[in-house]
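Summary of the model geometry
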Amino acid sequence: MDGKRRFDFGAGELERLAEEAREFKGESLWQDAWRRLRRNRFSWWAGVFLAIFMLGSFLAPVFPLRSPTEIRTERANLAPSFGGGDLNYLSEFKEDPTNDELDRAYWDLSFIDHGLLRMRMAIFKRWQPDTILGTDNLGRDILSRIVWGSRTSILVALAATLFSLLIGVTYGAFSGLMGGRIDNLMMRIVDILYSIPFIFVVIFLITFIGDRSTELEDKGIDREFVFYVVIGAVYWLTMARVVRGQVLSLKNSEFIEALRVMGASTPRILFAHVVPNILSIVIVYLTLTIPAIMLFEAFLSFLGLGIEAPKVSWGTLANDGTTAINPLRIYWWLVVFPAAAMGSTLLALNILGDGLRDALDPKMRGKD
Amino acid sequence: MIPFLARRLMWFAITLFTVMFVSFFLMRSVKGGPFDNERQLDAGVQATIEAEYHLDWPMWKQFAQYVGPLNLDDDGWFGEGETEGSAPFTGVLSGDFGPSFRYRDFSVNDIIGQALPISMLLGIVSMMWALALGISTGIASAIRRGTGLDLSMRLAATAGIALPNFVIASFLIILFVFLVPLFPVAGWGRLEHMILPGFCLGLVFAAYISRLTRTGMLEALSQDYIRTAHAKGLAPRTVIMRHALKGGLLPVVSYLGPATAGILTGSLVIERIFFIPGLGSHFVNSASNRDYTLAMGVTILYTVLVYGLNTVVDLAYTLLDPRIDLSES
């Protein structure tokens, strides 16, 4: 193209250029991230595994398993065995149990779980497999405890993460938007909180809550709710820092200024440009916070400070396993299976988190 | 340097006060006192015990007494009226954490004095081990970048981060205590008591350090001065160990602060599994026993430890990397 023609836009030429420009499809952040994630085979399969696992955990009542709380001392410490049949463990159920009867066999279940349990009875009738993964010292079925325990662990992780997200994003965004002295003060407070060994404060708090749990229950606050809030309240610090940093750099960035000059409306700038930029970094931290909180819940339950019976979580299972270790007879299934379930989930979450970070981190774009 | 330390000290004072304030009032707002839940005591005895531990005082006075170093005891200054020749409680600021609420004849200082060396030894052993394993695998990973060795080590590091230490510990106990009896079940005192707990406690941090070393080394190895060193004809070993490692280990140094805090946390579980009479197991017991003073003493001690170590790490960082300016942060 010679120099003269470059500036000589005829009407047709302009049309053609506009046509050409339309053909270039911009790739949004999410499309790009999705593509990168799919290319990272480890992360992709970790994600698939987690999706299947979450679904299975939600559908726990449909599986033909014994109640995780059902005690059968005559069947204590049975080794894993296959098989199955009309074992009639649900003997306390009539053909059509009421909600109360179901709650007695489990604990206070939600109406969704009642429905799922009915579905299971419609599908499997009274058929149950033998104890595939063995039983513990009270004759409770390990497989059932792992599957039901996964629900508690996932629920705690999600709820506490959501709570930490709420505090962290609000705090960080506010601090970043205000800037100046308020920002400085708010970040100093975060610094102070960082240097407190929180585990000790949390253990404090939880024993404190345990002491007045009946009092709180009268006010309609149950222990588990407080548990989520406390864990969430500890884990918001990093999120606040990250969001604040991102907001600060976005606030002063040239592309926002360019958008303003181009006449973009404030909502458009906010929702089409600022939020997606923050969202990506938030998602990355979320996937790394979830396993951390799961680990923390397991840690607390292991110390006997977390989830309380009759509910099960993976932490309580691990605790049962280690207390059952003794030199006379090794009930290896009590240790190995809960550990494998927890280990594989945490590993998958971490791998997915790493993959998402690589896929979403704008700094990594264009590099490999 | 001096203004930096002064600023740190100021924030330290604020942090410490926050911890003391929050934990004190949380503890005291629990309805049942430490002496409530046992069998019903005679009202007079109850009052005497409460008076001895100053539970009958108003909140603010208890707190002031706890912080110290004032002595607000009615019996007079420096506890002339105290019985059995026991030293009066002079408050946290003078290094006295008061009497334990559970172990009647011990002060919190006695318990910490017994348990802290054990936990420190365990912590140092596992930190050493974490550093040795983490740095060596990190370097190997960085040098052999992209190979199967690198990939497997990175996967192992992810596994080390993902798996809770009590899971690893129970596997190892089954393997090396019961199936192949190499180590004693539990206890403390000899070297073989230390190996399994130290291994389990250090593993997570070895994994993190390995990751950090790998990233740091990759960054350092791509620098111009490394190319210069190679061009000068230095042996690859010298280039890596003398020139690259210095820059490559910087991220590891800054991780040492959080790692110490993590080791303190991890010791709660590990000490429980291996029945080690360290500070961690005392803390867990004190929390469930409602032994207020012991739990608070440990919390405050750990806050001081973590904060102090973080400051030392920041100072060390500037010594290693002169480009960092303390006055900026």
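This structure is a prediction, so every number in the text was calculated from the model and none was measured. (Residues numbered from 1 in each chain as written. Chains lettered and ligands numbered in written order. Predicted model: local features only at pLDDT ≥ 70, side-chain atom pairs only at ≥ 80, totals over all residues. Heavy atoms only, no water.)

**Considering the overall build of chain B**
Helix and strand counts for chain B come out as twelve helices and zero strands. In chain B, the succession of helices and strands from N to C terminus is α-α-α-α-α-α-α-α-α-α-α-α. By residue count, 48% of the 329 residues in chain B fall in the buried class. Accessible area for chain B stands at about 16300 Å²; split by element, carbon and sulfur atoms hold 65% of it. (Helix = DSSP H or I, 4+ residues; strand = E, 2+ residues; numbered from the N terminus. Buried < 20%, exposed > 50% of the residue type's maximum accessible area, 1.4 Å probe, protein only. Areas by Shrake-Rupley, 256 points an atom, 1.4 Å probe, with all protein chains shown as cover.)

**Quick notes on the overall build of chain A**
Secondary structure assignment for chain A yields 16 helices and two strands. For chain A, the proportion of its 368 residues judged to be buried stands at 48%. In the structure as shown, chain A presents an accessible area of about 19100 Å², 63% of it carried by carbon and sulfur atoms.

**What to know about the pattern of salt bridges**
The final tally for this structure, using the stated rule, is nine salt bridges over all chains. One salt bridge in this structure joins Asp183(A) and Arg244(A), with 2.7 Å as the shortest N-O distance. Of this pair, Asp183(A) sits in helix H8 (residues 180-194) while Arg244(A) sits in helix H12 (residues 236-251), and the two are 61 residues apart along the sequence. Across the pair Arg211(B) and Asp354(A) runs a salt bridge, and its minimum N-O distance is 2.8 Å. Linking Arg211(B) in helix H7 (residues 191-221) with Asp354(A) in helix H16 (residues 332-360), this pair reaches from one chain into another. Given a relative accessible area of 28%, Arg211(B) falls into the partly exposed group. Because the salt bridges share partners, they merge into one network encompassing Asp136(A), Arg140(A), Arg145(A) and Asp320(A). (Salt bridge = Lys/Arg side-chain N within 4 Å of Asp/Glu carboxyl O.)

**Quick word on the nonpolar core**
Within the largest apolar cluster, 139 residues are counted, with the highest numbers of intra-cluster contacts made by Leu300(A), Leu303(A), Phe166(B), Leu268(B) and Phe274(B). With 14 residues, H16(A) is the largest single contributor of residues to this core. Counting residues domain by domain, this core receives three or more from each of domain 1 (36-101) and domain 2 (108-328) of chain B. The contact partners of Leu303(A), leaving out residues within four places of it in the chain, are Ile203(A), Leu268(B), Val269(B), Arg272(B) and Val284(B). Counting twelve residues, the second-largest nonpolar core is a separate cluster that includes Leu65(A), Tyr106(A), Leu109(A) and Trp148(A). (Core = buried A, V, L, I, M, F, W, Y, C linked by side-chain atoms within 4.5 Å. Domains from an automatic or database assignment. Contact = heavy atoms within 4.5 Å.)

**Some thoughts on unusual backbone geometry**
With a phi close to 50°, Phe275(B) is a non-glycine residue in the positive phi region. Here Phe275(B) shows up in the loop between helix H10 (250-273) and helix H11 (279-289).

**Observations concerning the interface of chain B and chain A**
With 47 residues of chain B in contact, the opposing surface of chain A contributes 39 residues. Summed over both sides, the interface of chain B with chain A buries roughly 3900 Å², with 83% coming from carbon and sulfur. Run the count over chain B and chain A and you get one salt bridge. Across the contact surface, chain B and chain A share one residue pair in polar contact (both at pLDDT 80 or more). Counting residues per element, the side of chain B that touches chain A draws most heavily on helix H1 (residues 2-29) of chain B, which supplies nine residues. Residues of the side of chain B that touches chain A, tallied by class, amount to 33 nonpolar, ten polar and four charged. (Buried area = accessible area lost by both parts, 1.4 Å probe. Polar contact = N/O pair within 3.5 Å; in protein donor to acceptor, adjacent residues only side chain to side chain. Nonpolar A, V, L, I, M, F, W, Y, C, P; charged D, E, K, R; others polar.)

**What to know about the packing of aromatic side chains**
Residues and elements named next belong to chain A. In total, this model carries 14 aromatic pairs over all chains according to the counting rule given. Aromatic side chains Tyr235 and Phe296 sit 5.7 Å apart centroid to centroid with 65° between the ring planes, which places their arrangement in the edge-to-face category. Here the residue Tyr235 occupies a position in the loop between helix H11 (223-234) and H12, and Phe296 occupies one in helix H14 (residues 266-302), the gap between them amounting to 61 residues. Using a relative accessible area of 25% as the deciding quantity, one classes Tyr235 as partly exposed. Between Phe296 and Phe299, the ring centres sit 6.1 Å apart and the planes meet at 10°, which makes this aromatic pair stacked. With Phe296 and Phe299 both in helix H14 and three residues apart, the pair spans about one turn of that helix. Within the aromatic cluster, the residues linked to one another by ring pairs are Tyr331, Trp332, Trp333 and Phe337. Taking the ring centre of Trp44 as reference, the NZ or CZ of Arg38 above it sits at 4.4 Å. (Phe/Tyr/Trp six-rings, centres within 6.5 Å; stacked < 30°, edge-to-face > 60°. Lys NZ or Arg CZ within 6 Å of the ring centre and 35° of its normal.)

**Examining the confidence of the model for chain B**
All names here are of chain B. Residues at a pLDDT of 70 or more form 84% of chain B, whose mean pLDDT is 79. Helix H2 (residues 43-52) is the least confidently modelled element of chain B, averaging 70 in pLDDT, while helix H4 (residues 108-143) averages 90, the highest of any element. This complex was scored by the predictor with a pTM of 0.78 and an ipTM of 0.75. (pLDDT = per-residue confidence, 0-100.)

**Here we look at the domain arrangement of chain B**
All names here are of chain B. Examined at the domain level, chain B breaks down into domain 1 (36-101) and domain 2 (108-328). In this assembly, ten residues from domain 1 lie in contact with eleven residues from domain 2. Summing both sides of the interface, domain 1 and domain 2 together bury roughly 910 Å²; the carbon and sulfur share of this comes to 60%. Counting the surface domain 1 buries against domain 2, the share from its top three residues, Tyr66, Phe97 and Phe101, is 61%.

**Topic: the confidence of the model for chain A**
As a note on interpretation, predicted positions should not be read in detail where pLDDT is low. Residues and elements named next belong to chain A. Confidence along chain A averages 78 in pLDDT terms, with 84% of residues attaining 70 or more. For chain A, the element scoring lowest by mean pLDDT is helix H1 (residues 3-6), at 50; helix H4 (residues 41-58) scores highest, at 89. Across residues 364-368 the pLDDT falls below 50, and counting only partners more than four positions away or on other chains, this stretch makes nine contacts in the model.

**Remarks on a nonpolar patch on the surface**
All names here are of chain A. Residues Trp30, Leu270, Phe271, Val275 and Leu279 make up a contiguous nonpolar surface patch of roughly 450 Å² in combined accessible area. The element that contributes the greatest number of residues to the nonpolar patch is H14, accounting for four residues. Within the fold, Trp30 resides in helix H3 (residues 29-39). (Patch = residues over 30% accessible without salt bridge, like charges linked within 9 Å, V, L, I, M, F, W, Y side chains within 5 Å.)

**Some remarks on the side chain of Thr158(B)**
Summarising the element assignment, Thr158(B) is placed in helix H5 (residues 148-162). With relative accessibility at 8%, the residue Thr158(B) sits in the buried group. Those residues in contact with Thr158(B) that lie beyond four places of it in its chain are Leu347(A), Asn350(A), Ile351(A) and Arg211(B).

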